[in-house]
Amino acid sequence: MTKDKRVLVGMSGGIDSSATCIMLQEQGYEVVGVTMRTWDIPSHFSTPGQEQPDEILEAQAVAARLGMEHHVADVREEFRKVIVQYFIDEYMRGRTPNPCVLCNPLFKERILCEWADRTGCQWIATGHYCQIEKRNGRFYIVTGDDATKDQSYFLWKLPQEILSRMLFPLGGMTKEKVREYLAHKGFEAKAKGGESMEICFIDKDYREFLREHCPDIDERIGPGWFVDSKGVKLGQHKGFAYYTIGQRKGLGIALGEPAYVLKINPEKNTVMLGDADQLRTEYMLAEPPVAPDIEELLACPNLSVRIRYRSRPIPCQVVQLPENGYLLVRFAVEASAITPGQSAVFYDGNRVLGGSFIASQQGIRKISAEHVPLFDKKR
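Note that this is a predicted model, so its numbers are computed, not measured.

Definitions and cut-offs
For every chain, the first residue of its written sequence is number 1, and the numbers climb from 1 along that sequence. Given that this is a predicted model, residues contribute local features only at a pLDDT of at least 70 and side-chain atom pairs are listed and counted only at 80 or more, while totals for whole chains, interfaces and linings are drawn from all residues. Water and hydrogen atoms play no part in the side-chain values, which are based on all heavy atoms of the structure. Pairing between strands is defined by DSSP: at least two bridges between the two strands are required. Strands here mean DSSP runs of E at least two residues long; helices mean DSSP runs of H or I at least four residues long; both are numbered from the N terminus. Comment: axis = line fitted to C-alpha atoms, over the contacting stretch for helices; angle = value between 0 and 180 degrees taken between N-to-C directions. We call a crossover right-handed when, viewed with the strands running away from us, the connection from the first strand over the helix to the second turns clockwise. Relative orientations are named as follows: roughly parallel for angles under 35 degrees, roughly antiparallel for angles over 145 degrees, roughly perpendicular for angles from 65 to 115 degrees, and oblique for any other angle. The hand of a helix crossing depends on one turn: near helix anticlockwise from the far one by less than a right angle means left-handed, and clockwise means right-handed. Residues are treated as being in contact if the distance between any of their heavy atoms lies within 4.5 Å. All amino acids are sorted into three groups, where Ala, Val, Leu, Ile, Met, Phe, Trp, Tyr, Cys and Pro are nonpolar, Asp, Glu, Lys and Arg are charged, and the leftover types, Gly among them, are polar. A helix's residues, less one, multiplied by 1.5 Å, set its expected span. Fitting axes to the seven residues ending at a residue and to the seven starting there, one defines the bend at that residue as the angle between these axes. Throughout this description, buried means an accessible area under 20% of the type-specific maximum (1.4 Å probe, protein chains only), exposed means over 50%, and partly exposed covers the range between. By the criterion applied in these results, polar contacts are pairs of N or O atoms within 3.5 Å in which, for protein atoms, one can donate a hydrogen and the other can accept it, and in which residues neighboring in sequence qualify only through two side-chain atoms. Salt bridge criterion: a side-chain nitrogen from Lys or Arg within 4 Å of a carboxyl oxygen from Asp or Glu. The patches described consist of residues with a relative accessible area above 30% and no salt bridge, like charges being joined within 9 Å and nonpolar side chains (Val, Leu, Ile, Met, Phe, Trp, Tyr) within 5 Å. Here the accessible surface of atoms and residues is derived via Shrake-Rupley with a 1.4 Å probe, and residues count as covered only by protein chains that are part of the display.

Caption draft 1: Representation of the sheet that holds strand β9 (residues 233-237) within the structure. With mixed pairing, the four strands of this open sheet are ordered in space as β9-β8-β11-β10. Every other strand in the sheet has two partners, leaving β9 and β10 (260-265) as the edge strands with one partner each. Across the sheet, the mean angle from the axis of one strand to that of its neighbour is 30°, orientation sign disregarded.

Caption draft 2: Summary view of the pairing of strand β3 (residues 69-74). Here six bridges tie strand β2 (residues 30-37) to β3, and the two strands are oriented parallel to one another. Each bridged residue has a counterpart across the sheet, and for glycine 33 the counterpart in β3 is histidine 70. In the classification by handedness, the crossover that spans β2, the intervening helix α2 (residues 54-66) and the parallel β3 is right-handed.

Caption draft 3: Structural detail: the packing of helix α3 (residues 76-92) against helix α4 (residues 99-118). Close contact between α3 and α4 brings their axes to 9 Å; oriented N to C, the two are set at 165°. Classified by the interaxial angle, the pair formed by α3 and α4 is roughly antiparallel. The crossing of α3 and α4 is right-handed. Across the interface between the two elements, Glu78, Phe79, Ile83, Tyr86 and Phe87 from α3 touch Pro99, Leu102, Cys103, Phe107, Arg110 and Ile111 from α4. Across the contact of α3 with α4, the residue classes tally to nine nonpolar, no polar and two charged.

Caption draft 4: Main features of helix α11 (residues 364-378). An ideal rise of 1.5 Å per residue puts 21 Å on 15 residues; α11 measures up with 20 Å between its terminal C-alpha atoms. At histidine 371, α11 shows its maximal kink, close to 45°; a proline, proline 373, follows between one and four residues later. Within α11, burial applies to Ile364, Ile367, Ser368, His371 and Phe375. Those residues of α11 hidden inside the fold are in contact with β12 (280-286), β14 (314-320) and β15 (327-336).

Caption draft 5: Spatial organisation of the side chain of glutamine 247. Its place among the elements puts glutamine 247 in the loop between β9 and β10. Owing to a relative accessible area of 9%, glutamine 247 belongs among the buried residues under this scheme. Side-chain polar atoms of glutamine 247 contact the backbone oxygen of lysine 249, separated by 3.0 Å. Sequence-distant contacts of glutamine 247, that is, excluding residues within four places in its chain, are made with Arg207, Tyr242, Ala259, Tyr260 and Val261.

Caption draft 6: Examining the side chain of histidine 237 more closely. Counting through the fold element by element, histidine 237 comes out in strand β9. A distance of 2.9 Å separates a polar side-chain atom of histidine 237 from the backbone nitrogen of glycine 239. Ignoring any residue separated from it by four or fewer positions in sequence, one finds histidine 237 in contact with Pro223, Gly224, Trp225, Phe226, Tyr243, Asn269, Thr270 and Val271.

Caption draft 7: Spotlight on α4. Compared with an ideal rise of 1.5 Å per residue, which puts 20 residues at 28 Å, α4 spans 27 Å between its outermost C-alpha atoms and is within 8% of the ideal. In α4, a bend of some 40° at proline 105 exceeds every other bend along the element. Of the residues flanking the end of α4, it is glycine 120, one or two places downstream, whose phi is positive at about 75°.

Caption draft 8: Looking closely at the pattern of salt bridges. Under the counting rule described, the total for this entry stands at 31 salt bridges. Lysine 81 is the salt-bridge partner of glutamate 77, the closest N and O atoms lying 4.0 Å from each other. One end of the pair, glutamate 77, and the other, lysine 81, are both in helix α3, four residues apart, so they sit about a helical turn from each other. Overlapping salt bridges, with partners in common, bring together Asp16, Lys149, Lys175, Arg179 and Glu195 in one network.

Caption draft 9: How the structure looks around a nonpolar patch on the surface. Among the surface-exposed residues, Val232, Leu234 and Leu255 lie close enough to one another that they form a single nonpolar patch of about 210 Å² accessible area. By secondary structure assignment, the location of leucine 234 is in strand β9.

This is a description of form; function is not addressed.
So this is what it looks like as structure tokens:
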């Protein structure tokens, strides 16, 4: 079969990638599978003496049943150096990381492209619940039809050269329909399988993970102070890396009323606490964006932004600060718990116009007040 009908599928051995392989075969593609061995979790080795994790064995079994060529890419060392180290470093900076956002362009889809070239495949495909649209010569991520499973939020950093090769067969389906499809194709047991973890390399609390993979974290950071918005000390905390903006549970301090993490200051090792109202804001600062067309993003009259994976898009306006390229976002309705390190993903309806990492909000009131005229000029 010619190269333009060969497609490489990233296989996890789960529901979505298995359904993707079957669908593409039915569409006339010659499907090749690759499973990345990124991080070994003990619970993923079901039997004593098992040499490879369950997901690889399951992917191999699906490939064999479908008569597919299948490969295993052992990328554990690189994954540790790139993705896991980023995860640790972000917490050590007082930020909350978005490892899936970084992993897709820097790791998984990049490796898929390398393996596609190696195996003579024109296309690469995954089981993500999203779609692709080509407009004015550029490729855009579009939300999946299943709003509860849509994964467009995680893919804003994918460059055009990767998007031009991507196929997302599940984008127009709901998860329930995918399960029904798999069962109908004779994979009844697979169709009843569970969901994958949100962060693939963590099967416990992230704080335990930090202590395990950064053994000197408590020596490097140590206890610090909870403070209120005026800087008054409220009590000791375990170290700023163990907290995230908006957190209410597990603080280890009783103030007689619900308290939330408002700000984290890694330089002073302080964690500011306050009430829910103090988390709300009309403005947000985000790092320089990645977008197929930055001018389209800045000029969009119906722009909205998602500030976390499960959140609804918030209507907004955005201007780019001339001094540093950062984005100043003005929400149409107040947003809550702006978390540095998380992603701000911008939409025009269901089309992703771009994204950026949420920056430190230090000085946001002064910055927003100074740049209000930029918003007025856009009217």
